Amino acid sequence: MKDISIPPRPGASEAANHFHADLAAQLLAQSLDSLDAQLHESVGTAERLVDHDCINLYAGTNTMNPRAKALLASSIGVRPSLGHPGEKYNKGVHEIEKIEVLALELLKRLFNAPYAEYRVPSGSIANLYAFMATCRPGDTIIAFDDAAAGHPTHHAEGAAGLYGLKVLAMPFDAARMDVDVDGLRRLARDARPKLVIVAGSMCLYPYDVAAVRAIADEVGAWVLYDAAHMGGLIAGGAFQQPLAEGAHLMTGSTYKSFGGPPSGMVLTTEAVLAERLDRIAYPGLTANFDAAKTAALALATMDLLEYGRAYARQMIANAQALAEALAAEGVAVFRPAARDGFTVSQHVALDARPYGGGNRASEHIERANILFTSIGLPLPAVAGDANGIRIGTQEVTRWGLREDALREVARLIARVLVRGEAPERVRADALALRADYQRLHFVRN
Ligand SMILES: *Cc1c(COP(=O)(O)O)cnc(C)c1O
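Residues numbered from 1 in each chain as written. Predicted model: local features only at pLDDT ≥ 70, side-chain atom pairs only at ≥ 80, totals over all residues. Heavy atoms only, no water.

Undergrad: Which parts of the structure should I look at to understand the site of the ligand?
TA: In the vicinity of the ligand there are 13 residues, among which Gly-123, Ser-124, Asp-226, Tyr-255 and Lys-256 approach most closely. Here a nitrogen atom of the ligand sits 2.7 Å away from a polar atom, N or O, in the side chain of Asp-226. Within the side chain of His-229, one N or O atom sits 3.1 Å away from an oxygen atom of the ligand. Relative to its unbound accessible area of 380 Å², the ligand is 89% covered by the protein chains. For the shell around the ligand, the class distribution of residues is two nonpolar, nine polar and two charged. (Near = heavy atom within 4 Å. Polar contact = N/O pair within 3.5 Å; in protein donor to acceptor, adjacent residues only side chain to side chain. Areas by Shrake-Rupley, 256 points an atom, 1.4 Å probe, with all protein chains shown as cover. Nonpolar A, V, L, I, M, F, W, Y, C, P; charged D, E, K, R; others polar.)

Listed below in structure tokens is the structure:
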């Protein structure tokens with residue numbers, strides 16, 4: 001192919017730009033036939049890693065019912081279907097109308113919500129929808145900051161800032177990993193926010209949504225619960241129920257603990273917000289919406305309606321077993337000072353300071369085919385890295401690992417992090433453990 005120079009991507013680091021330039025030069029020197037083969041090989045290799053070869057403890061992921069995966073690959077996904085079922089602009093979409101009505105009604109039933117929106121490309125866009133439905137540019141919102149695992153979409157660099165919102169940090173009680181209710185009351189009376197966001201990318205314990213709602217009512221604010229990570233547990237009745245506790249809105253990703261396709265959702269109890277969300281979804285920010293993804297979402301929702309309770313209970317039991325075993329092995333598991341245990345969710349947090357930082361530790365243990373990532377924790381900073389590690393049990397639970405298996409996983413992690421064994425040496429044992437768990441649980445078949 002013709003030689004072209006590659007300008008750096010302005011937002012990427014120098015190292016990332018070198019990586020990109022080297023790889024691009026190597027790829028673009030090849031013929032299309034060779035690139036076609038290379039593309040398929042990359043997909044196959046990546047798929048083998050996640051589906052067979054690694055112990056994936058990354059909190060923001062899951063595997064999906066193979067039958068939902070088949071629906072996701074359906075050719076209806078490339079066919080436009082515009083407008084509400086019953087009044088479609090396109091013709092020949094009557095079966096797609098059925099799929100959309102089914103997905104919507106199942107989602108409402110799953111979360112016991114009067115209104116739901118599934119025409120939401122991702123959890124990030126779900127948050128943008130919620131901001132557009134509740135705020136005008138220039139308004140003030142309150143959201144969890146980085147130390148409380150707040151999400152970039154809540155912050156200046158994300159959807160909130162891009163939409164022109166001013167973001168204030170939620171007062172946070174790190175000892176309980178919950179909202180500092182008195183601090184929030186003072187801040188809200190002073191700042192008069194239009195929206196208060198509860199939850200972020202790591203939820204070890206439930207939050208006091210009822211207290212947040214009482215304060216919001218006093219100052220005329222809406223309450224949004226970001227259930228990106230907690231969708232599956234909330235659906236399974238094993239974590240707090242944000243809408244019943246007072247949140248006006250709940251957003252979420254459908255591919256984390258929910259275990260569905262990579263998409264988003266917004267649920268609300270309020271008719272006025274539902275009407276705005278409907279217009280934001282169409283004709284506002286989506287035209288064609290992927291009907292294949294909607295079909296996959298409908299099946300994933302059925303998985304949760306049928307198995308959600310058992311799935312959620314096992315995710316939590318696995319997280320608690322993992323945390324206890326890691327602590328017994330000498331790993332620095334993070335426990336909120338004013339709580340009795342490490343977690344009541346699928347999440348486990350580690351203090352990354354003994355391991356040189358969360359990113360460094362994650363890169364190191366990746367070589368043992370064990371995947372997790374860094375997170376910010378309310379602890380002293382690590383220079384040039386994150387001070388925490390976040391682990392989630394939602395995927396390994398679907399592969400059928402139970403408490404005993406999680407205790408084995410804890411031993412593998414400790415061999416790398418605590419005993420300093422080379423991750424390459426631990427990898428064979430990680431592969432052997434994973435080989436025993438190749439069938440999905442908690443899915444309809
Ligand atoms: C992952 C996450 C999101 C974004 O979800 P996507 O579906 O990946 O866009 C939003 N909020 C929180 C708290 C998250 O953790």
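Undergrad: Explanation requested: the sheet that holds strand β7 (residues 195–198) in the structure shown.
TA: Sheet strands pair by backbone hydrogen bonding; their relative direction is either parallel or antiparallel. Spatial strand order, β2-β10-β9-β8-β7-β3-β4: seven strands in an open sheet with mixed pairing. Both edges of this open sheet fall to β2 (115–117) and β4 (166–169), since each of them pairs with a single strand only. On average, each strand axis in the sheet is inclined to that of its neighbour by 20°, with strand direction left out of account. Relative to strand β10 (residues 264–268), β2 runs antiparallel, the two being bridged by three bridges. Each bridged residue has a counterpart across the sheet, and for Ala-116 the counterpart in β10 is Leu-267. On top of the sheet, helix α5 (residues 123–134) reaches β2, β3 (140–143), β7, β8 (222–226), β9 (249–253) and β10; it is set at about 160° to β9, its chief contact. Against the sheet, helix α8 (residues 209–219) makes contact with β7 and β8, and its axis sits at roughly 155° relative to β8, the strand it touches most. (Pairing = 2+ DSSP bridges. Helix = DSSP H or I, 4+ residues; strand = E, 2+ residues; numbered from the N terminus. Axes fitted to C-alpha atoms, helices over the stretch in contact; angles between N-to-C directions. Contact = heavy atoms within 4.5 Å.)

Undergrad: Explain the nonpolar core here, please?
TA: Nonpolar side chains tend to gather and get buried jointly when the protein is soluble and globular. With 49 residues, the main nonpolar core has Phe-111, Val-198, Tyr-225 and Phe-258 as its most contacted residues. Elements that contribute at least two residues to this core include exactly α4 (94–111), α7 (181–191), β7, α8, β8, α9 (231–235), β10 and α12 (291–328). Ranked by residues supplied to this core, first place goes to α12 with seven residues. Not counting chain neighbours up to four residues away, the residues in contact with Phe-258 comprise Leu-107, Leu-110, Phe-111, Gly-232, Ser-253, Met-265, Leu-297, Ala-300, Thr-301, Leu-304 and Arg-398. Within the second largest apolar cluster, 38 residues are counted, among which are Leu-57, Leu-326, Trp-399 and Leu-401. (Core = buried A, V, L, I, M, F, W, Y, C linked by side-chain atoms within 4.5 Å. Buried < 20%, exposed > 50% of the residue type's maximum accessible area, 1.4 Å probe, protein only.)

Undergrad: How do you make sense of the domain arrangement of the chain when you look at a structure like this?
TA: In many reports, interface size means the accessible area that the parts give up when they come together. You can read the domains of the chain as domain 1 (66–301) and domain 2 (307–435). If you average the C-alpha positions of domain 1 and of domain 2, the two centres end up 28 Å apart. Each side of the interface is counted separately: domain 1 has 26 residues, and domain 2 has 28 residues. The largest contributions to the domain 1 side of the interface with domain 2 come from Met-202, Leu-204 and Tyr-205, which together make up 30% of the buried area. Taken together, the connections running from domain 1 to domain 2 amount to zero salt bridges. In this structure, the connection of domain 1 to domain 2 is made through 12 residue pairs in polar contact (both at pLDDT 80 or more). Grouping the amino acids of the side of domain 1 that touches domain 2 by side-chain chemistry returns 15 nonpolar, seven polar and four charged. (Domains from an automatic or database assignment. Buried area = accessible area lost by both parts, 1.4 Å probe. Salt bridge = Lys/Arg side-chain N within 4 Å of Asp/Glu carboxyl O.)

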